[in-house]
Amino acid sequence: MKRIISSILAIGLLSLAAQAQIRLPKVLTDNMVLQQGKQVCIWGEAPAGAKVEVKFMKQKKQVSSDYIGRWKVYLDPMEAIQEPQKLTIRCGKDRKVLGNILVGEVWLASGQSNMEYSMNNHPRHPRPKRGEKEYLHKAFMEADSPIIRLLHVKKQLTDTLPSDGWKVLTKESLAPVSAAAYFFADSISRHLNVPVGIISSSWGGTPIEAWTSLEAYENSPVFEDKVSYNRLNGVDIGRRFDSMIDPLIPYTLRGFLWYQGEQNVITGDTDVYAEKQKLLIQNWRNLWKDPALPFYFVQLAPYTYSQRRNDAVAKTWEALPQFWQAQQACLEVPGTSMIVVNDLIDKTSEIHPSYKWTVGRRLARLALNRTYGCSGIICEGPTFRAVTFNGAVVTVEFDNVGKGLKTSDGKDPDWFWMADKTGRYFKSEARIIAPDKIEVRCKRYEKPLSVRFAWDETASPNLFNSEGLPAVPFGAKTK
């Protein structure tokens with residue numbers, strides 16, 4: 001009897017082995033977009049040592065799973081495809097078919113509440129005072145593109161990649177997706193006429209430490225001695241990364257979009273934020289094994305942090321400009337770029353400003369120019385190049401002026417301040433004297449030694465370039 005039972009068990013085990021169940025990560029589903037122009041990673045699990053075959057269009061790749069059942073193959077680089085395709089994976093008698101797949105551009109959008117600010121957030125936030133008040137709602141209702149695909153990662157920490165997978169664009173699938181990310185995708189898709197896949201993974205009120213792996217902090221020369229029990233100064237490291245970013249790896253991407261920092265300003269993190277963002281960039285690139293992945297981010301909008309009364313760390317009107325400076329320091333990292341949004345506010349007491357469509361389109365300008373080679377698209381506002389101090393007159397030169405500097409209201413440029421050896425700054429008069437130059441004077445000083453532009457948490461200056469992109473805040477001193 002025992003021999004019969006043993007034989008039955010053996011036959012059952014052989015049968016299970018023959019059926020060899022394939023398990024795929026949640027990011028590989030129907031409706032996904034595969035990245036064009038790169039080797040595309042397809043991976044999963046199967047019984048140890050099992051042979052796995054992956055077919056996509058004319059490609060066929062074979063591999064054996066390792067001793068714990070993991071397998072991975074790379075599809076050869078492909079051109080964009082708008083016609084839906086099928087991806088077939090076989091292992092023994094088991095077969096999985098993923099359908100309605102496109103090939104195009106894939107971007108990961110992450111950060112805190114201003115990136116999380118979704119396409120159906122219009123009932124929750126103030127309407128814009130400029131332009132069409134219901135613009136976001138109208139765009140949400142009219143969104144209709146068969147070549148934009150969406151993967152929304154939910155705000156849950158009890159699941160590994162809390163997502164229902166890739167979705168075609170519908171009202172239901174678009175509703176929770178980042179508005180900035182959607183308008184980015186829409187702009188890229190229209191300009192390049194290719195499918196675009198957006199992975200939307202954000203969580204309001206989260207510090208940057210939550211989106212970086214614990215290992216990165218433990219191995220950082222800057223922070224390793226400060227990490228204690230998986231925390232840095234009382235903040236949990238990697239809490240969102242573990243469930244909302246790590247399970248996406250190694251899904252093949254074109255690059256990252258990042259809009260975060262408000263929480264780190266609130267906690268008084270200005271002095272080390274640049275190092276933290278540089279660490280995140282390096283961490284993500286290392287884990288995706290692609291040191292050239294573009295990282296495009298948003299400089300924080302004006303907001304009265306100094307008026308907050310319940311924060312553990314009190315802040316002055318200068319805390320935000322100092323944070324802007326920290327964000328700009330991240331531009332030292334190759335493959336990074338930043339957009340300025342200091343014009344996209346109606347009230348400085350609102351930490352979630354409207355106009356997310358403009359945020360997304362400005363990010364798209366960066367990608368179109370820097371990543372896709374559309375050199376004719378101006379992607380940055382006027383940026384400080386040089387300053388000359390000549391007695392009472394200070395001349396400031398700018399890069400990225402397009403066809404020339406201009407002001408949004410036709411008046412002289414505002415938000416210029418100067419100081420002398422006393423270090424006291426006073427409001428100064430400025431005027432455009434050339435397409436890329438501004439002359440600044442201060443009635444109080446015959447020999448100013450430093451000049452600042454938009455150096456205030458409430459600064460929403462009128463200085464732009466010919467493309468309508470706002471100038472970048474700066475501070476400069478005589479040598």
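These notes cover the structure that comes with them.

Rules behind the numbers
- Residues numbered from 1 in each chain as written.
- Predicted model: local features only at pLDDT ≥ 70, side-chain atom pairs only at ≥ 80, totals over all residues.
- Heavy atoms only, no water.
- Helix = DSSP H or I, 4+ residues; strand = E, 2+ residues; numbered from the N terminus.
- Contact = heavy atoms within 4.5 Å.
- Areas by Shrake-Rupley, 256 points an atom, 1.4 Å probe, with all protein chains shown as cover.
- Lys, Arg positive; Asp, Glu negative; His and termini not counted.
- Charge placed at Lys NZ, Arg CZ, Asp CG, Glu CD.
- Salt bridge = Lys/Arg side-chain N within 4 Å of Asp/Glu carboxyl O.
- Buried < 20%, exposed > 50% of the residue type's maximum accessible area, 1.4 Å probe, protein only.
- Core = buried A, V, L, I, M, F, W, Y, C linked by side-chain atoms within 4.5 Å.
- Pairing = 2+ DSSP bridges.
- Right-handed = clockwise from strand over helix to strand, strands pointing away.
- Expected span 1.5 Å × (residues − 1).
- Axes fitted to C-alpha atoms, helices over the stretch in contact; angles between N-to-C directions.
- Phe/Tyr/Trp six-rings, centres within 6.5 Å; stacked < 30°, edge-to-face > 60°.
- Polar contact = N/O pair within 3.5 Å; in protein donor to acceptor, adjacent residues only side chain to side chain.
- Parallel < 35°, antiparallel > 145°, perpendicular 65-115°, else oblique.
- Left-handed = near helix turned anticlockwise from the far one by under 90°.
- Nonpolar A, V, L, I, M, F, W, Y, C, P; charged D, E, K, R; others polar.

1. Focus on the overall build of the protein
Here is step 1 of the chain: Helices and strands together make up the secondary structure of the protein, namely 11 helices and 26 strands.
Here is step 2 of the chain: Sequence-distant contacts, at least 24 apart, represent 72% of the contacts inside the protein between residues at least 6 apart.
Here is step 3 of the chain: About 22100 Å² of surface is accessible on the protein, with carbon and sulfur atoms providing 48% of the total.
Here is step 4 of the chain: The averaged location of the 51 negative side-chain charges in the protein is 4 Å from the averaged location of its 63 positive side-chain charges.

2. Digging into the pattern of salt bridges
Here is step 1 of the chain: Per the counting criterion, the structure on display carries 28 salt bridges.
Here is step 2 of the chain: Across the pair K55 and E53 runs a salt bridge whose closest N-O atoms are separated by 3.9 Å.
Here is step 3 of the chain: Looking at K55, the relative accessible area reads 33%, which means it is partly exposed.
Here is step 4 of the chain: A salt bridge links E105 to R254; its shortest N-O distance comes to 2.7 Å. With E105 in strand β7 (residues 94–111) and R254 in the loop between α7 (241–244) and β14 (255–259), this residue pair connects regions lying 149 residues apart in the sequence.
Here is step 5 of the chain: For R254, a relative accessible area of 17% gives the class buried.
Here is step 6 of the chain: Within the structure, one salt-bridge network assembled from shared partners comprises R385, E397, D399 and D436.

3. Some details on unusual backbone geometry
Here is step 1 of the chain: With an omega of 10 degrees, the peptide bond between I249 and P250 qualifies as cis.
Here is step 2 of the chain: Tracing the backbone shows P250 in the loop between α7 and β14.
Here is step 3 of the chain: Despite not being glycine, M57 shows a phi value in the positive range, around 55 degrees.
Here is step 4 of the chain: When you line up the elements, M57 lands in the loop between β3 (51–56) and β4 (59–64).
Here is step 5 of the chain: Relative accessible area serves as the criterion here: at 46%, M57 is assigned to the partly exposed category.
Here is step 6 of the chain: The phi dihedral of N400 falls on the positive side, at around 55 degrees, and the residue is not glycine.
Here is step 7 of the chain: In this fold, N400 is placed in the loop between β18 (393–399) and β19 (405–407).
Here is step 8 of the chain: Taking relative accessible area as the criterion, N400 reaches 31% and is therefore assigned partly exposed.

4. With respect to the nonpolar core
Looking at soluble globular proteins, one finds that nonpolar side chains tend to be buried together.
Here is step 1 of the chain: Ranked by size, the top nonpolar core spans 124 residues in total, and within it L34, I42, I199, Y251, W284 and W288 carry the most contacts.
Here is step 2 of the chain: Not counting residues up to four positions away in its chain, the partners in contact with I199 are V106, W107, L108, A109, L151, V153, W166, L248, Y251 and L253.
Here is step 3 of the chain: By size, the runner-up hydrophobic cluster in this structure holds 21 residues, among which are V396, L405, F416 and C442.

5. Focus: the pairing of strand β16 (residues 336–339)
Here is step 1 of the chain: Side chains T336 and M338 of β16 all project onto a buried face; the interleaved residues S337 and I339 project onto the opposite face, where all are buried too.
Here is step 2 of the chain: Both strand β15 (residues 295–298) and β16 contribute to a ladder of four bridges, which runs parallel. Bridging from a neighbouring strand, F295 pairs with T336 of β16.
Here is step 3 of the chain: For the crossover that starts at β15, traverses helix α10 (residues 319–329) and ends in the parallel β16, the hand is right-handed.

6. Considerations on helix α9 (residues 270–287)
Here is step 1 of the chain: The terminal C-alpha atoms of α9 lie 26 Å apart, and with 18 residues this matches the ideal 26 Å at 1.5 Å per residue to within 8%.
Here is step 2 of the chain: Of all the positions in α9, only T270, Y273, A274, K276, Q277, K278, L279, L280, I281, N283, W284 and R285 are classed as buried.
Here is step 3 of the chain: Note on α9: the residue one or two positions beyond its end, K289, has a positive phi of about 55 degrees.

7. Observations regarding the sheet that holds strand β26 (residues 474–477)
Here is step 1 of the chain: Taking strand neighbours across the sheet as the criterion, the four strands line up as β21-β20-β24-β26 in an open arrangement whose pairing is antiparallel. The open sheet has two edge strands with one neighbour each: β21 (425–427) and β26. Each strand of the sheet is rotated relative to its neighbour by a mean of 20 degrees, with strand direction disregarded.
Here is step 2 of the chain: Pairing between strand β24 (residues 450–453) and β26: four bridges, direction antiparallel. If you follow V451 over to β26, its bridge partner there is A476.

8. Side note on the packing of aromatic side chains
Here is step 1 of the chain: Under the defined criterion, the tally for this structure stands at 24 aromatic pairs.
Here is step 2 of the chain: Relative to W288, the ring of F256 lies with its centre 5.3 Å away and its plane at 65 degrees, an arrangement referred to as edge-to-face. Residue F256 is located in strand β14, and its partner W288 is located in the loop between α9 and β15; the two are separated by 32 residues in the primary sequence. There is no split in this pair, since F256 and W288 are both buried.
Here is step 3 of the chain: Site record: aromatic cluster; members linked through ring pairs are F256, W258, W284, W288, F295 and F297.

9. Quick look at the side chain of N283
Here is step 1 of the chain: In this structure, N283 sits in helix α9.
Here is step 2 of the chain: Looking at N283, the relative accessible area reads 7%, which means it is buried.
Here is step 3 of the chain: Setting aside anything within four residues of it in sequence, one finds N283 in contact with T212, S213, A216 and F241.

10. A few points about the side chain of E380
Here is step 1 of the chain: Following the sequence through the fold, E380 ends up in the loop between α11 (356–371) and β17 (383–390).
Here is step 2 of the chain: Residue E380 is classed as buried on the basis of its relative accessible area, which comes to 16%.
Here is step 3 of the chain: Among the polar contacts made by the side chain of E380, one reaches the side chain of R370 at a distance of 2.6 Å.

11. Comments concerning the sheet that holds β18
Here is step 1 of the chain: With antiparallel pairing, four strands are arranged side by side in an open sheet as β17-β18-β23-β22. Bordering the open sheet on either side are β17 and β22 (429–434), each of which pairs with just one other strand. Across the sheet, the mean angle separating the axes of adjacent strands is 25 degrees when strand polarity is ignored.
Here is step 2 of the chain: Alignment of β17 against β18, held across seven bridges, turns out to be antiparallel. Residue F384 lies in a different strand from β18, and its bridge partner there is F398.

12. A few points about the packing of α9 against α10
Each pair of packed helices can be described by the angle between their axes along with the distance between the axes.
Here is step 1 of the chain: For the pair α9 and α10, the least separation of the axes is 8 Å and the interaxial angle reads 25 degrees. Regarding the angle of α9 to α10, the classification is roughly parallel. Of the two possible hands of crossing, α9 and α10 adopt the one that is right-handed. Where α9 abuts α10, its residues T270, Y273, A274 and K278 lie against A319, Q322, F323, A326, Q327 and A329.
Here is step 2 of the chain: Grouping the constituent residues of the contact of α9 with α10 by class yields six nonpolar, three polar and one charged.

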